[in-house]
Amino acid sequence: MWLPQLHQQSETFHVNNLQTLDVKTQHRLKDLGLTRGKKVTIIRRYPLHGPVIISFDHQKIGLRWDLIQSLKREQVEQ
Amino acid sequence: MTTIALFGNPNTGKTTLFNRLTDSYAYMGNWSGVTVEKKVGMIKNTNFAIVDLPGIYSLNPLTKDEAIATNFLLTEDQDIIVDVANASQLKRNLLLSIELLEFGKPTVIALNMIDSLRNMGISYNRQVLETAFDCKVMMTNARGNKGTQQLKQELLAEDPRLPATHFSLTYPSSVQQAIKQAVRGLTQNYNVSSQYAKWLAIQFMNANDAVVSFVKQHNLRPLLEQAPYYQAQHFDDKIYQTRLNYIETTLKEARETGSNPHTRDITAKIDRVVTHPLLGLPIFLGIFFLMFKLTFDWFGTPLSDLLDAFVSGPLSTTVNHWLIAAGALPFLRSLIVDGLITGVGGVLVFIPQIFTLFACISLLEDSGYMARAALVMDKLMSKVGLNGKAFIPLIIGFGCNVPGIMAARTIEQPKERLITTLISPYMSCSARLPIYSLFVAAFFAKNQALIVLSLYVLGIVVALVLAKIYQKVLHSENESVFMIELPEYHLPQPTIILRGTWDKGKGFIHKAGTVIFAGTVLIWLLSYFGPSGVVSNISNSFTALIGHSMVPLFAPIGLASWQAISAMLTGILAKETIGATLMVLYHTSGQTALVASLAHLFTPLAAYSFLVFILLYIPCFATIAVIKAETGSWKWALYTIISSLVIAYLVSFLIFQGGLLLGLH
Amino acid sequence: MSFIVNFLISAVIIGWAVWQLVKVIQKSKKGKCAACDYKCEAKKLAVEAKKKAL
């Protein structure tokens, strides 16, 4: 019974904000092709704010929950 | 000689292609960061050398292994660059291609894994790509060995005058203007070729750390003076955007409707189970339990027993007879029969078990599961200040600690890399397996796989606890970034699994002829002689003397046998020698006899305590050496020796004394 | 089998073992920086630049 319930709905969002991240993280995200405005689908979340699997451009990447949160956040204009 | 360098994003199949082109075998796997060193091979019957390099996303490296690839481009001569790109992720792969093309060397782009692109129902027009990037473009499927021979022919035929590429991307006018200005300044005042000056300028604007520090060091003022301007104008973003736009337009133009997509998305189906939020961790443990079941119960041990019966029975007796017939003196006879056959032979009979374990690890590596394991473990690893990626070196360490420590190069943060290096030796490597096998057969016959699994888990637990302590001491908090690519699963290919197993296992056989041989002879000599010369009773020998003197030291952890203590001393040479030493010292004719005599010398609790000590104490010489090499200092190597000894003693003490208190024996 | 043959075979076995022991210990003493830091490679970059300038 509980297994199908855990099968999560996928969720889509656009990458909003890269500025708040540290340089290294920005660098690596850029390497992977994750730039501002990129449409990203979340295909799996782990409980207790564990890692999240996202997919874009025919590839799947595992990231941490807090990173996803900051990607979703609205960009603050200077 | 012509040098061909293989560049490309991580996990695009560079090493597979390298193996195909050179008809050789180098370590392959299905995750990002398998190759952490450069490897050189020759194309058969030619003077073409091929260099396989760690994968990079861009020429601006973040990790140690990426730096190796970038350094190769900058400091060593290559005549041809082969850029290996993952055809189904071209958008991001071509970003690196542009950087390589701007460098100006003759370049061939190999669109690898072309089969998965076709499965997606997409194909690209080669001519369009070749014109757009001003270089040769080849379609390959290195895993299926398709297109690789054409690529080889192309490389061989085009030499020696494969045209240098004149690829030049038009950046926005402000950038273009700045490049022109910088190139003028550099060529006039600093005597640099205009091609190199242009590349240097673009990389500088793009904030490539290495180039920036190079420019500072050489005080290249045309660039330095403009740096604030470049920054204010966000030149790096502009360059990135221009490249991306160019790639997107080109791909749109080159795209052709291919055959119908027939992705039976197996990867998604498998992932639904193995990366399941709740089942992921139990599945991970289950996979390892299955590995030990195969190794100790179903497959490895029965074969080992057969081999042991042969070595300790017919082989040993026959050789003994021959030696007597040939008139060998007792000294030589004992050296060969009691020393070499018992010791070296006694370790070699574990080949089936060790190879089974290696086959399982190779299977995991080839399938693509490793990246998933890293993901599933990330939450746990983050609690000790590491990230899931650090788990891959640890799993590799189950085979051998040395490549495990090398694999830590892929970790971005220096402190996390150091911590991973320091905890790696606690991973139970395959060399410790013979001794486990002997003891579980003697004391825990019914739960062999479970007891061994408990040792492996104990190793992981100790490693994680230490990581937590190091995190506090080194203040590595909040540094951690975790990003991992989850590659498509591969259907395991028997040839690749076999090659991988052999490649790992041959080291074991090699060690049998070298370091285990040496350790066995050493211990045999020390037990054949005593202070009074040749001894008839082994308890008067040097080994017994040394062992006896340390018995009081080890009594608190349940060790009363001087033989076991001497065995641990030789174990520092290589862990396999522990088993060999015990065989020699107990003068038994083989595994079965040793297992029987062990039962009288240890209680089960003392035996487990001994195994725990073996698991955790001083790593072998090879591991100490690689720790020194990777951390660059003797300090850490020495620290590892001392700390592991203390920890091993502490943990086995707790287990033995705790067990006694609980009424175990 | 004569004493000399006995002696020779034993010597070969023990000699090989000693040689291997020495090798193991020496190998662990060496171990130089296998993957140098990126910054220190910048020095090599300088050499390259000079080469190009010529």
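Residues numbered from 1 in each chain as written. Chains lettered and ligands numbered in written order. Predicted model: local features only at pLDDT ≥ 70, side-chain atom pairs only at ≥ 80, totals over all residues.

Caption draft 1: Broad picture of the overall build of chain C. Across its full length, chain C carries two helices and zero strands. For chain C, buried positions account for 19% of its 54 residues. (Helix = DSSP H or I, 4+ residues; strand = E, 2+ residues; numbered from the N terminus. Buried ≥ 20, exposed ≤ 12 C-beta atoms within 10 Å, placed from the backbone.)

Caption draft 2: Just the overall build of chain A, in detail. Each helix and strand in chain A was counted, giving three helices and four strands. Secondary structure elements of chain A occur, N-terminal to C-terminal, as α-β-α-β-β-β-α. Counting across all 78 residues of chain A, residues that qualify as buried make up 22%. Here the analysis covers contacts within chain A between residues at least 6 apart in sequence; of these, 45% occur between residues at least 24 apart. (Contact = placed C-beta atoms within 7 Å.)

Caption draft 3: Seen up close, the sheet that holds strand 4 (residues 80-86) of chain B. Residue and element names in this part refer to chain B. Reading across from one edge, 2-3-1-4-5-7 is the order of the six strands in this open sheet, with mixed pairing throughout. The sheet is open, and its two borders are formed by strand 2 (39-42) and strand 7 (136-139), each paired with just one other strand. The mean inter-strand angle of the sheet, taken between neighbouring strand axes irrespective of direction, is 25°. Of the pairings in the sheet, the one linking strand 2 to strand 3 (residues 48-52) comprises four bridges and is antiparallel in character. Residue Lys-39 lies in a different strand from strand 3, and its bridge partner there is Asp-52. Along the sheet, helix 1 (residues 14-22) contacts strand 1 (2-8), strand 2, strand 3, strand 4 and strand 5 (107-112); its crossing angle with strand 3, the most-contacted strand, is approximately 160°. Packing against the sheet, helix 3 (residues 90-103) makes contact with strand 1, strand 4 and strand 5, and its axis sits at approximately 165° to strand 4. (Pairing = 2+ DSSP bridges. Axes fitted to C-alpha atoms, helices over the stretch in contact; angles between N-to-C directions.)

Caption draft 4: View of the confidence of the model for chain C. Chain-level statistics for chain C give a pLDDT mean of 64 and a share of 46% at 70 or above. Complex prediction metrics read pTM 0.79 and ipTM 0.84. (pLDDT = per-residue confidence, 0-100.)

Caption draft 5: Seen up close, the interface of chain A and chain B. In this assembly, 23 residues from chain A lie in contact with 22 residues from chain B. Taken together, the elements giving at least two residues each to the side of chain A that touches chain B come down to helix 2 (23-31) and strand 4 (59-63) of chain A. Among the elements that take part in the side of chain A that touches chain B, helix 2 of chain A stands out by supplying six residues, more than any other. The residue inventory of the side of chain A that touches chain B, partitioned by class, reads eight nonpolar, seven polar and eight charged. Judged from the four bridges that link them, strand 4 of chain A and strand 9 (residues 483-486) of chain B form a sheet pairing that is antiparallel. (Nonpolar A, V, L, I, M, F, W, Y, C, P; charged D, E, K, R; others polar.)

Caption draft 6: Spatial organisation of the sheet that holds strand 3 (residues 52-56) of chain A. Spatially, 1(A)-2(A)-3(A)-4(A)-9(B) is the arrangement adopted by the five strands of the open sheet, whose pairing is antiparallel. Each having just a single partner strand, strand 1 (11-14) of chain A together with strand 9 of chain B make up the two edges of the open sheet. Neighbour-to-neighbour, the strand axes of this sheet turn through a mean angle of 35°, independent of strand direction. Note: strand 1 of chain A against strand 2 (residues 39-45) of chain A, four bridges, orientation antiparallel. What sits directly across from Thr-12 of chain A, in strand 2 of chain A, is Thr-41 of chain A. Of the strands in this sheet, strand 4 of chain A together with strand 9 of chain B touch helix 18 (residues 369-382) of chain B, which is tilted by about 145° from strand 9 of chain B.

Caption draft 7: Representation of the environment of Ala-254 of chain B. Examined against the element boundaries, Ala-254 of chain B turns out to sit in helix 12 (residues 235-254). Residue contacts for Ala-254 of chain B: discarding those within four places in its chain leaves Tyr-124, Asn-125, Val-128 and Leu-129 of chain B.

Caption draft 8: View of the packing of helix 17 (residues 351-367) of chain B against helix 24 (residues 494-513) of chain B. Residue and element names in this part refer to chain B. Direction vectors running N to C along helix 17 and helix 24 enclose 135°, while the axes themselves pass 8 Å from each other. Considering their axes alone, helix 17 and helix 24 lie oblique with respect to each other. At the point where helix 17 passes helix 24, the crossing takes the right-handed sense. Touching Ile-354, Phe-355, Phe-358, Ala-359, Ser-362, Leu-363, Glu-365 and Asp-366 of helix 17 are Ile-496, Ile-497, Gly-500, Thr-501, Lys-504, Gly-505 and Phe-508, all from helix 24. The residue inventory of the contact of helix 17 with helix 24, partitioned by class, reads eight nonpolar, four polar and three charged. (Parallel < 35°, antiparallel > 145°, perpendicular 65-115°, else oblique. Left-handed = near helix turned anticlockwise from the far one by under 90°.)

Caption draft 9: The nonpolar core, seen in detail. Residues and elements named next belong to chain B. In terms of nonpolar packing, the biggest core is built from 152 residues, with Phe-439 and Leu-611 touching the most fellow members. Among the domains, domain 1 (2-158) and domain 3 (283-661) are the pair contributing at least three residues each to this core. One finds Leu-17, Leu-90, Ile-114 and Met-139 within the second-largest nonpolar core, a separate group that totals 48 residues. (Core = buried A, V, L, I, M, F, W, Y, C linked by C-beta atoms within 7 Å. Domains from an automatic or database assignment.)

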